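Below are the chains, spelled out letter by letter.
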Amino acid sequence: MDESRSVAVVIVGRVQGVGYRAWTQREAEARGLSGHVRNRADGAVEATFTGAAAAVDAMVQACRAGPPGAHVERVETQAAEPEPDVAGFAIRR
């Protein structure tokens, strides 16, 4: 069984106004991940992903491309604590 992993991710570039949050939610749910995604005031998008390590790694890699219309300049990742009692993947304001 694959071990569980949690990461916090910041995606920088043209990532707001292009459907990045909805795309992230669909992609994360398809990989069986829990967590959340939200826009930041500085124009970046931040997310947390928790789930099987291979699925988390695949999601981080997918974030480097993003949805059509996005232009990702960089993806910053760091280890994160799993969010307690979170089921599913949410879009936050």
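Rules used in this analysis
- Numbering of residues starts from 1 in every chain and runs along the sequence as written.
- Local features in this predicted model are restricted to residues whose pLDDT is 70 or higher, and side-chain atom pairs enter the listing and the counts only when it is 80 or higher, whereas totals over whole chains, interfaces and linings include all residues.
- Neither water nor hydrogens contribute to the side-chain values; these are computed over all heavy atoms in the structure.
- Only centres within 6.5 Å qualify two rings of Phe, Tyr or Trp (six-membered ring in Trp) as a pair; their planes then separate them into stacked at under 30 degrees, edge-to-face at over 60, and tilted for everything else.
- Helix numbers and strand numbers start at the N terminus; a helix is a DSSP run of H or I with at least 4 residues, a strand a run of E with at least 2.
- Relative accessible area decides the class of each residue, using a 1.4 Å probe on protein chains only: under 20% of the type maximum gives buried, over 50% gives exposed, and in between gives partly exposed.
- In this scheme, strands are said to pair when DSSP sees at least two bridges between them.
- Lines fitted to C-alpha atoms define the axes, with helix axes restricted to the stretch in contact, and inter-axis angles between N-to-C directions lie between 0 and 180 degrees.
- In what follows, a contact means two residues having at least one pair of non-hydrogen atoms within 4.5 Å.
- The arc in question is traced by the directions running from the helix axis to the C-beta atoms.

1. A look at the packing of aromatic side chains
Next up, step 1: Enumeration according to the criterion identifies two aromatic pairs in this entry.
Next up, step 2: Seen from their ring centres, phenylalanine 49 and phenylalanine 89 are 5.7 Å apart, and the 15° between their planes marks the pair as stacked. Here the residue phenylalanine 49 occupies a position in strand β3 (residues 45–52), and phenylalanine 89 occupies one in strand β5 (residues 89–92), the gap between them amounting to 40 residues. Each of the two residues, phenylalanine 49 as well as phenylalanine 89, counts as buried.

2. Some remarks on the sheet that holds strand β2 (residues 34–39)
Next up, step 1: Taken together, five strands build an open sheet; the order of strands is β4-β1-β3-β2-β5 and the sheet is mixed. The open sheet has two edge strands, β4 (71–79) and β5, and neither has a second partner. Neighbour-to-neighbour, the strand axes of this sheet turn through a mean angle of 20°, independent of strand direction.
Next up, step 2: Across the sheet, helix α2 (residues 53–63) lies against β1 (4–14), β3 and β4, angled at about 155° from β3, the strand it touches most.

3. Here we look at helix α1 (residues 20–30)
Next up, step 1: Of the positions making up α1, those classed as buried are Tyr20, Trp23, Thr24 and Ala28. Buried residues of α1 fall within an arc of 125° about the axis and therefore sit on the same side. Opposite the buried face of α1, at more than 90 degrees from it, the exposed residues are Arg26 and Ala30.
Next up, step 2: Where α1 is buried, its residues contact β1, β2, β3, α2, β4 and β5.
Next up, step 3: Backbone geometry just after α1 places glycine 32 at a positive phi near 75°.

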